[in-house]
Amino acid sequence: MNLTLTGYDNPVTTFVGAFLANLPELLEVMSAEPAHLVLVAEFSDGRYVQCWSDPFGNVLGEVLSNLNIGDSIALTVENENQLRNLGFSKPVEYLSPNWSYEATTTEEMSQLLSMLTVAVRKVLGEGLGNEVKVRTWEIEVPESINKNEVRCEARIYIDKSN
């Protein structure tokens, strides 16, 4: 299996059904690659899920939160409760501002796949025929820096001054 990286600025437009059908293979390849990889799936309303992998087989899955999107509201309190009940960790300012779950074992990878699928379909309410822009890229992580710090530097933040 190979993962063709689209690059940060070159998303591929597909449908939610196709994305979810390919998600098991995407996660498997990300966990097997000896690199730091990023996968972002952005839906037409601007909400997204993303995954980060490291060279050691760990994959962190994230669902956006309301913390870094200015005055916008992406998730209702009910949505947040659904994510918490699925097993996602509560967002934390700066280092982990999205709902997240880190998979380090095969069982946890299976759990992550299930959690992301339910998050996309039930929490975010995406229909299988809805369009989604998917992008994948490799990110450099110097040995002297913590991977959480790299994720912070790579995050897209909404400018609250506009």
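The notes below deal with the structure included here. (Residues numbered from 1 in each chain as written. Predicted model: local features only at pLDDT ≥ 70, side-chain atom pairs only at ≥ 80, totals over all residues. Heavy atoms only, no water.)

**Some remarks on the sheet that holds strand E3 (residues 48-53)**
Here is step 1: Sheet architecture is open: six strands sit in the order E1-E6-E2-E3-E4-E5, paired in antiparallel fashion. For this open sheet the edge positions go to strand E1 (12-15) and strand E5 (99-103), each flanked by a neighbour on one side alone. On average, adjacent strands in this sheet sit at an angle of 20° to one another, irrespective of strand direction.
Here is step 2: Summarising the sheet, strand E2 (residues 37-43) and E3 pair through six bridges and their orientation is antiparallel. In the strand pairing of E3, Leu-37 is matched with Ser-53. (Pairing = 2+ DSSP bridges. Helix = DSSP H or I, 4+ residues; strand = E, 2+ residues; numbered from the N terminus. Axes fitted to C-alpha atoms, helices over the stretch in contact; angles between N-to-C directions.)

**Topic: the pattern of salt bridges**
Opposite charge on two side chains permits pairing when their charged atoms draw close.
Here is step 1: For the structure shown, the criterion picks out one salt bridge.
Here is step 2: Asp-45 is the partner of Arg-47 in a salt bridge, and the nearest nitrogen-oxygen pair spans 2.9 Å. (Salt bridge = Lys/Arg side-chain N within 4 Å of Asp/Glu carboxyl O.)

**Comments concerning helix H3 (residues 106-123)**
Here is step 1: Counted at 1.5 Å a residue, the expected span for H3 with its 18 residues is 26 Å, and the 24 Å between its end C-alpha atoms agrees.
Here is step 2: Three or more residues of H3 are buried, namely Met-109, Leu-112, Met-115, Leu-116, Ala-119, Val-120 and Val-123. Down the axis of H3, the smallest arc covering the buried residues is 125°, so these residues share one side. Pointing more than 90 degrees away from the buried face of H3 are the exposed residues Thr-106, Glu-107 and Lys-122.
Here is step 3: Following H3 by one or two positions, Gly-125 has its phi on the positive side, about 70°. (Expected span 1.5 Å × (residues − 1). Buried < 20%, exposed > 50% of the residue type's maximum accessible area, 1.4 Å probe, protein only. Arc of directions from axis to C-beta.)

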